[in-house]
Amino acid sequence: MYKIAVIPGDGIGKEVMEATLNILKALNIDFDFMFADAGDECKEKTSVALPDKTIEIVKKADACLFGAAGETAADVIVRLRQEMDLFANLRPVKSYPGTNSLFDDLDFMIVRENTEGMYIGDEDYIKDELGNVTGATAKRVITRDASERICEYAFKYAKENNRKKVTGIHKANVLKKTDGLFKKIFYEVAEKYKTEGIESEDFYVDATAMYLLTRPKSFDVIVTTNLFGDILSDEGAGLVGGLGLIPSANIGEDRALFEPVHGSAPDIAGKGLANPVACILSAVMMLEYLDEKEAANAVDKAVLKVLSEKKTVTGDLGGKSTTMEMSEAIKEKIEF
Ligand code: GGG
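Here is a short report on the structure shown in this document. (Residues numbered from 1 in each chain as written. Predicted model: local features only at pLDDT ≥ 70, side-chain atom pairs only at ≥ 80, totals over all residues. Heavy atoms only, no water.)

### What about the pairing of strand β10 (residues 221–224)?
Logical step 1: Burial along β10 is two-sided: V221 and V223 facing one way and I222 and T224 facing the other are all buried.
Logical step 2: Relative to β10, strand β8 (residues 165–170) runs parallel, the two sharing four bridges. Bridged to T167 within β10 is I222. (Buried < 20%, exposed > 50% of the residue type's maximum accessible area, 1.4 Å probe, protein only. Helix = DSSP H or I, 4+ residues; strand = E, 2+ residues; numbered from the N terminus. Pairing = 2+ DSSP bridges.)

Below you can see the structure in the form of structure tokens.
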């Protein structure tokens, strides 16, 4: 029996989570779903965005499924990652048929550092002598330990998943100390993997934003710091048909949380319009993590069939189906 903490969160998080649980319940696997609150609505009700009880439930679980957080994202998902030391954020960029993918055969992985960088939440106002806010600052922290750990993770991931190259992304020409350190450590780790046949290269983040459009097929595994990883993975989503399709995994030493890359999308929330695929594929990543490879494969194939057929898909994919109708169609296609 797997204990799964389930945090639907805000907006479309609730709908895509319901659609995902519909799939998981159809598998021949014993799950104990432990529901927990977090997000904007939770804050409105209880004045806390991430209750201690939720953290307790997540820490007790074998894995966590997360829907979306709205305005409280920093207090909820960013904090959960830090609280549980989920240092590696895996965001695959993969073309699926039947989507608005700009390329039909993209398949690369973005490995984003998840615990420090620009997202440590150390912001301050600059005030004049009368106390008027005249500006604001944000501190960005890059440490040797976290950089080594994420680069090591990316190279090990490449080796174990038959990937050939890892690209380190930074802005070391301007952020000389922070990204200078990240780049240095990237090449220290790369050196160890040279004999394993894993190539390495590095680019500035601005150039990478262009290369993702002009030659995305040249990427295999990307490793980068927190904010750059967040931004580049949305660009990656744009390459393969949008945020409704991109799953993610947040991995720690002995804990993991899985979430769609999209946010709470309040403009379409509650209308059954949200594409459930990003959340369902996040559950596929969870099944792989739990070593339920056969089930993971079966759900992945079912998603592929429904996308290819294009009959029962949501509006973002050119269809007219609701979130739950698409989930039902995927469920019907699962074969063991
Ligand atoms: N860009 C899509 C989106 O809104 N994602 C939710 C979000 O901002 N999460 C915070 C994060 O991934 O760091």
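So, next bit.
### Overview of the site of the ligand
Logical step 1: Around the ligand, the neighbouring residues are I77, R81, R91, R112, Y119, D230, D234, V261, H262 and G263.
Logical step 2: Residue R112 places a side-chain N or O atom 2.8 Å away from an oxygen atom belonging to the ligand.
Logical step 3: Measuring from a nitrogen atom of the ligand, one finds a side-chain N or O atom of D234 at 2.7 Å.
Logical step 4: Protein contacts shield 77% of the accessible area of the ligand, which totals 360 Å² for the unbound molecule.
Logical step 5: Using a 2 Å cut-off from the grid points, one finds that the ligand occupies the second largest pocket.
Logical step 6: Sorting the residues of the shell around the ligand by element identifies α4 (73–83) and α8 (226–239) as the ones contributing at least two each. (Near = heavy atom within 4 Å. Polar contact = N/O pair within 3.5 Å; in protein donor to acceptor, adjacent residues only side chain to side chain. Areas by Shrake-Rupley, 256 points an atom, 1.4 Å probe, with all protein chains shown as cover. 1 Å grid on protein atoms, 1.4 Å probe; cavity = no way out; pocket = protein on both sides within 12 Å on 5 of 7 lines; lining within 4 Å. Sits in = over half its atoms within 2 Å of the grid points.)

### Here's the deal with empty space enclosed by the protein
Logical step 1: Applying the stated criterion across every chain, the model contains one cavity of 30 Å³ or more.
Logical step 2: Taken as a whole, the largest cavity holds about 30 Å³ of empty space.
Logical step 3: Contributing to the lining of the largest cavity are V58, A61, D62, A63, C64, M84, D254, R255 and A256.
Logical step 4: In terms of residue class, the lining of the largest cavity is built from six nonpolar, no polar and three charged. (Points joined across faces, edges and corners; volume = space filled by probe spheres on them. Nonpolar A, V, L, I, M, F, W, Y, C, P; charged D, E, K, R; others polar.)

### Some thoughts on the pairing of strand β4 (residues 88–94)
Logical step 1: Counting buried positions along β4 gives six out of seven residues, so the element sits mostly inside the fold.
Logical step 2: With seven bridges joining them, β4 and strand β5 (residues 107–113) adopt antiparallel strand pairing. From the neighbouring strand, K94 faces β5, where its bridge partner is D107.
Logical step 3: Bridge analysis of β4 against strand β11 (residues 249–251) gives three bridges, and the strand direction is antiparallel. Residue pairing for β11: A88 is matched across the bridge by I251.

### A few points about the packing of helix α1 (residues 12–24) against helix α9 (residues 277–289)
Logical step 1: Axis separation between α1 and α9 bottoms out at 8 Å; the angle between their running directions is 45 degrees. Classified by the angle between their axes, α1 and α9 sit oblique to one another. As for how α1 packs across α9, the hand of that crossing is right-handed. In this structure, α1 uses V16, M17, A19, T20, I23 and L24 to contact α9, whose residues at the interface are C279, I280, A283, M286 and L287. (Axes fitted to C-alpha atoms, helices over the stretch in contact; angles between N-to-C directions. Parallel < 35°, antiparallel > 145°, perpendicular 65-115°, else oblique. Left-handed = near helix turned anticlockwise from the far one by under 90°. Contact = heavy atoms within 4.5 Å.)

### Focus: the packing of aromatic side chains
Logical step 1: A complete count under the given rule lists 10 aromatic pairs for this structure.
Logical step 2: Between Y2 and F31 the ring centres are 6.0 Å apart and the planes differ by 35 degrees, which places this aromatic pair in the tilted class. Residue Y2 is found in strand β1 (residues 2–9), and its partner F31 is found in strand β2 (residues 31–35); the two are separated by 29 residues along the sequence.
Logical step 3: Three or more aromatic residues link up through ring pairs in this structure, and these residues are F108, F203, Y211 and F219.
Logical step 4: Geometry around F228 places R140 over its ring, the cationic atom sitting 5.3 Å from the centre. (Phe/Tyr/Trp six-rings, centres within 6.5 Å; stacked < 30°, edge-to-face > 60°. Lys NZ or Arg CZ within 6 Å of the ring centre and 35° of its normal.)

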